[in-house]
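Here are the chains, one letter per residue:
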Amino acid sequence: MIEIKKVEDRNGLKKFVQFHYDMYRDCQWAVPFLYSEEMNTLRSDRNAAFECCESDYFLAYKDGRPVGRVAAIINHRANERWQHQQVRFGWLDFEDDLEVSRALLETVAQWGRERGMTEMIGPMGFTDMDREGMLIEGFEEDATMYINYNYSYYPQHMEQLGGFEKDNDYMECKVKVPDQVPDKFHKIAAMIGKRYNLQVRKFTRKELLEGGKGHEIFRIINATYKDLYGYSELSDRQINQLVDQYIKIADLNLVTAVEDWNTPEHKLVGFGITFPSFTSALRKTRDGRLLPFGWWPLLRTLKWHKTNVVDLLLIGVLPEYRAKGANSIIFDDLIQWFERYNFEWAETGPQMESNEGVLSQWQYLEARIHRKHRCYKKKL
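Residues numbered from 1 in each chain as written. Predicted model: local features only at pLDDT ≥ 70, side-chain atom pairs only at ≥ 80, totals over all residues. Heavy atoms only, no water.

Visitor: Looking at this structure, how should I read the overall build of the protein chain?
Guide: Tallying secondary structure elements over the protein chain gives 14 helices and 14 strands in all. Relative to a compact globule of 380 residues, whose C-alpha radius of gyration would be 21 Å, the protein chain shows 21 Å and is just as compact. The C-alpha extent of the protein chain, read off along each of the three principal axes, is 65 × 45 × 40 Å. Here the protein chain, with 380 residues, has 58% of them falling under the buried criterion. Within the protein chain, contacts between residues separated by at least 24 positions form 78% of all contacts whose residues are at least 6 apart in sequence. Looking at the protein chain, you have 52 positive and 57 negative side-chain charges, and the mean spots of the two groups are 3 Å apart. (Helix = DSSP H or I, 4+ residues; strand = E, 2+ residues; numbered from the N terminus. Rg over C-alpha atoms; globule rule 2.2 N^0.38 Å. Buried < 20%, exposed > 50% of the residue type's maximum accessible area, 1.4 Å probe, protein only. Contact = heavy atoms within 4.5 Å. Lys, Arg positive; Asp, Glu negative; His and termini not counted. Charge placed at Lys NZ, Arg CZ, Asp CG, Glu CD.)

Right, dumping it as structure tokens:
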């Protein structure tokens, strides 16, 4: 018999987070997420997303031991934007036992019904800045800290449970960093820059943190992502957290902005934020913890680029400039830095399978789709 227990206190939340580490410790493809970030994301007193979200967390027990977990989330801002009444399920993990997965997802469904929801979707987080989707292809590919990894039986359970259907698929690409920027790629970027007077800009940390440029970057995210699947607009408080989370530690050579110099204020129209991959470094930590010595491999990666992989974390270009090809200017600059840092591969974040414009930008590079994630939906 499966017993479902709601997380009621901090100790319960620690057990909820720890379950994932215990379950994937011996999986060679998974990556332990940073423990502190997991805790902060799930705590209502730490995560600014709770200004528009509500959530509860549940652990499944069988014969007295934990065998699964799930988060039930309602993002009221997203529901209002998309005119839905949806409850999200996220942080979903379970042993290969259909009783367990059924009990967890039915718990989310009932939690949603009690709050007037008519549909369940997931796996999703509080916002688009959280990990989304269930891995359905690419189980023998290294994961990253920015995506969900799960065993291959997860999507099998979704099919067996019944009522769940595909709502959205994401593709992730692995891109070979060329020895030099492809000539055609470089010429296109130069032509677009000259035609529209678009210039690459490298900001200082002071400009990003104190001069407001960091906020401008994430306001572009709001403008760029506003019509994408399930997106809810980032508030000023959420933007403050994201600037603090990413900009404070970023290698600014790996952050490229594009400005329109036809405008008096040199309007910021696009950006790319990339980080050296922390996959190998995180595997050297104790369950994603920085102490006592977990910080060292992460620091070596961040400061001295002790990895041959770079993660393409966030890319945003205002729609009217995306149509002009401003993306190519960002990548033309970033690839040159990737070469200097001796990165051999770049990992993209999740890209919607229907977004042909984004997927086509890799046509001049050696790239392959190597993972696919799926979001499911079910009527309640």
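Let us keep going from here.
Visitor: Which parts of the structure should I look at to understand the pairing of strand β9 (residues 255–260)?
Guide: Side chains on a regular strand alternate between the two faces of the sheet. Most of β9 is tucked away: six of the six residues are buried. Both faces of β9 are covered, namely the face carrying Val255, Ala257 and Glu259 and the face carrying Thr256, Val258 and Asp260. Across four bridges, strand β8 (residues 198–201) lies against β9 in antiparallel orientation. Counterpart to Leu198 in the pairing with β9 is Asp260. One ladder, built from six bridges, connects β9 with strand β10 (residues 267–276); its direction is antiparallel. Its bridge partner being in β10, Val258 is matched across the sheet by Gly270. (Pairing = 2+ DSSP bridges.)

Visitor: Just to check I follow, could you spell out the pattern of salt bridges for this structure?
Guide: Any two side chains of opposite charge can pair, on the condition that their charged atoms come close. Under the definition given, this model contains 34 salt bridges. Across the salt bridge formed by Glu38 and Arg131, the nearest N and O atoms sit 2.6 Å from each other. Pair noted here: Glu38 is in helix α2 (residues 35–42) and Arg131 is in the loop between β5 (119–122) and β6 (134–137), with a separation of 93 residues, a long-range link. The class for Glu38 is buried, based on a relative accessible area of 5%. Residue classification places Arg131 among the buried residues on the basis of a relative accessible area of 18%. For Arg81, the salt bridge goes to Asp227, with nearest N and O atoms at 2.9 Å. In this pair, Arg81 is assigned in helix α3 (residues 76–82) and Asp227 in the loop between α8 (213–225) and α9 (236–247), connecting sequence segments 146 residues apart. Taken together, the shared-partner salt bridges connect Asp22, Arg25, Asp287 and Arg289 into one network. (Salt bridge = Lys/Arg side-chain N within 4 Å of Asp/Glu carboxyl O.)

Visitor: Just checking my understanding: could you explain the environment of His157 for this structure?
Guide: When you line up the elements, His157 lands in helix α5 (residues 153–161). Accessibility expressed as a relative area gives 3% for His157, which makes it buried. A sequence separation of 55 residues divides His157 from Arg102, and the C-alpha atoms of the two residues are 8.5 Å apart. Those residues in contact with His157 that sit more than four places away from it in its chain are Phe94, Glu95, Asp96, Asp97, Leu98 and Ser101. A polar contact of 2.7 Å, which involves the side chain of His157, links it to the side chain of Ser101. (Polar contact = N/O pair within 3.5 Å; in protein donor to acceptor, adjacent residues only side chain to side chain.)

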